[in-house]
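These are the residues of each chain, in order.
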Amino acid sequence: MKSPVVRPEYLFSLSLLLGVCALPSTAYASVVLNGSSNNMDYQVSLVAEHLSVPWGITFITSQKLLITQRHGEAVILDISNNSQTAVKGLPDVTASGQGGLLDVITEPGYQQPNGWLYFTYSKTIGNQAVTVLARSKLKVDTLTQWQELLVTHSATPTYRHFGSRITFDQQGHLFFSVGDRGERDNGQDLTTHAGSILRLNHDGTVPADNPFVAHKAALPEIWSYGHRNPQGLAFDIDSKQLWASEHGPRGGDEINLIKKGSNYGWPVTSHGKEYWGPISVGEAKEKEGIESPRKVYIPSIAPGSLLHYTGTAFPGWQGDLFVGALKLEHINHLTLSPEGNITSEERLLLPLQERIRALVQSPEGWIYFTTDNGNLYRISPLE
């Protein structure tokens, strides 16, 4: 495999684009590096900049992306001309700590203006914050028919571990994640949504076959529990497998294959250490009755997003997982066996040295991703 190489002629351009001076918008789609992975040659282009922690991205047409920004605003980016339009009609969000306006995704088969856009965000109830799932319709640049589908039972006074990624199974259900909200015991408490991955019908109702529907001491929306802060979700339509990436403590980030009703251990089991010293978190790394991760990262990479690739632009990547790494600033590329085992890992785009926040696949099979620097990039076949 060839290592990604920053082209010398773009080093100067990249330094300019990262803030030394402003360039006209027509210059933004500039190639900044290229590389090869699984015999797939690719190039990375800077498409847009000056966003504010662009947390979620989704295609609303073949040429337009809706991008959420954690501070509470969103924009529509037209990639054909690099124009940005502010989105109107957003709710008030609590933009504090790790909270704010978070994920966005279109429903399967989405078409404007009647299709639904799904959002997650944090809001304050009393003096505590919760994760909310909502949906709305977009007419030109304005969100209408706003519906809060689930204001989760996840209130804590902390402003961390909101989880908050969404995915669909193409069978009438959506999944979304809620972190433990900074309180470890929530991971094993089925009376709170915190520390769980939830499953709902598209209209926010609870599917009759959810695992805890008949349990009076559990919330019926819960699909799996024992999670610390899952910020990546992806559903493999062919294998019907749900994957999640999850922040561990100091070390111990995880990739998990999510199974109905299963316990993923937090905080009873963990591969990480306490922040205050070299002491292991929990009782053990593994324990009977608890699902073990399919992959553990030590040291932590801080996995902030997850994409299951299905496009034709890179046939050598089909069926693979791509993880946006925040702390170690790369895209983590994982190959899978048919049984759901991770068979290899490689780290792409290290020369960018940016925190990778969100990933999305375009209609033509390219990968677009955002960084906490406020940049939007795309990965396309090498020309």
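Note that this is a predicted model, so its numbers are computed, not measured.

Here is what the cut-offs are and how they apply
- Residues numbered from 1 in each chain as written.
- Predicted model: local features only at pLDDT ≥ 70, side-chain atom pairs only at ≥ 80, totals over all residues.
- Heavy atoms only, no water.
- Pairing = 2+ DSSP bridges.
- Helix = DSSP H or I, 4+ residues; strand = E, 2+ residues; numbered from the N terminus.
- Axes fitted to C-alpha atoms, helices over the stretch in contact; angles between N-to-C directions.
- Core = buried A, V, L, I, M, F, W, Y, C linked by side-chain atoms within 4.5 Å.
- Buried < 20%, exposed > 50% of the residue type's maximum accessible area, 1.4 Å probe, protein only.
- Polar contact = N/O pair within 3.5 Å; in protein donor to acceptor, adjacent residues only side chain to side chain.
- Contact = heavy atoms within 4.5 Å.
- Salt bridge = Lys/Arg side-chain N within 4 Å of Asp/Glu carboxyl O.
- Phe/Tyr/Trp six-rings, centres within 6.5 Å; stacked < 30°, edge-to-face > 60°.
- Lys NZ or Arg CZ within 6 Å of the ring centre and 35° of its normal.

*Asks:* What is the right way to read the sheet that holds strand β19 (residues 303-308) from this model?
*Replies:* The strands that make up a sheet are held in pairs by hydrogen bonds between backbone atoms, and each pair lies either parallel or antiparallel. Across the sheet, which stays open at both edges, the four strands sit in the order β19-β20-β21-β22 with antiparallel pairing between neighbours. The open sheet has two free edges, formed respectively by β19 and β22 (342-348), since each of these has just one partner strand. If you compare each strand with its neighbour and ignore which way they point, the axes differ by 20 degrees on average. Here strand β21 (residues 330-336) pairs with β22 via six bridges, running antiparallel. Residue pairing in the sheet places N332 in a bridge with R347 of β22.

*Asks:* What should I look at first to understand the pairing of strand β8 (residues 117-125) in this one?
*Replies:* The two faces of a sheet get side chains in turn, since along a regular strand they alternate between them. Strand direction decides the pairing type here: strand β7 (residues 101-106) and β8, joined by four bridges, are antiparallel. When the bridges of β8 are listed, V104 appears paired with F119. Bridging between β8 and strand β9 (residues 128-139) involves nine bridges; their strand directions are antiparallel. Bridged to Y118 within β9 is R135. Taken together, β8 and the strand that follows it, β9, pair antiparallel across an intervening segment of two residues, in which G126 is found at a positive phi of about 65 degrees.

*Asks:* Help me out: how do you make sense of the nonpolar core in this one?
*Replies:* A general tendency of soluble globular proteins is for nonpolar side chains to be buried together. Counting residues in each nonpolar core, the largest one holds 21 residues, and the members touching the most others are L349, F369 and I379. Taken together, the elements giving at least two residues each to this core come down to β1 (30-37), β2 (40-48), β23 (356-361), β24 (367-371) and β25 (376-381). For this core, the element with the highest residue contribution is β2, accounting for four residues.

*Asks:* In this structure, what is going on with the side chain of S154? I would like to understand it.
*Replies:* Along the polypeptide, S154 turns up in the loop between β10 (142-151) and β11 (166-168). Note on S154: relative accessible area 1%, which makes it buried. In this structure the side chain of S154 is engaged in a polar contact, spanning 2.6 Å, whose partner is the side chain of T152. Excluding its chain neighbours within four sequence positions, the residues that come into contact with S154 are A129, V130, T131, V178, R181, T192 and A194.

*Asks:* Can you help me understand the pattern of salt bridges in this one?
*Replies:* When the charged atoms of two side chains with opposite charge come close together, those side chains can pair. For the structure on display, the rule yields 11 salt bridges. For D141, the salt bridge goes to K88, with nearest N and O atoms at 3.9 Å. Note that D141 is positioned in the loop between β9 and β10 and K88 in the loop between β6 (83-86) and β7, a separation of 53 residues in sequence. Here D141 falls in the buried class, since its relative accessible area comes to 18%.

*Asks:* Just checking my understanding: could you explain the packing of aromatic side chains for this structure?
*Replies:* The relative placement of two aromatic rings is captured by the distance of their centres and the angle of their planes. Tallied over the entire structure, the rule returns 14 aromatic pairs. Relative to W223, the ring of F175 lies with its centre 5.7 Å away and its plane at 75 degrees, an arrangement referred to as edge-to-face. Of this pair, F175 sits in strand β12 (residues 173-178) while W223 sits in strand β14 (residues 222-225), placing them 48 residues apart in sequence. As far as the burial class goes, F175 and W223 line up, both buried. Looking at R135, its charged tip hangs above the ring of W116, at a distance of 3.9 Å from the centre.

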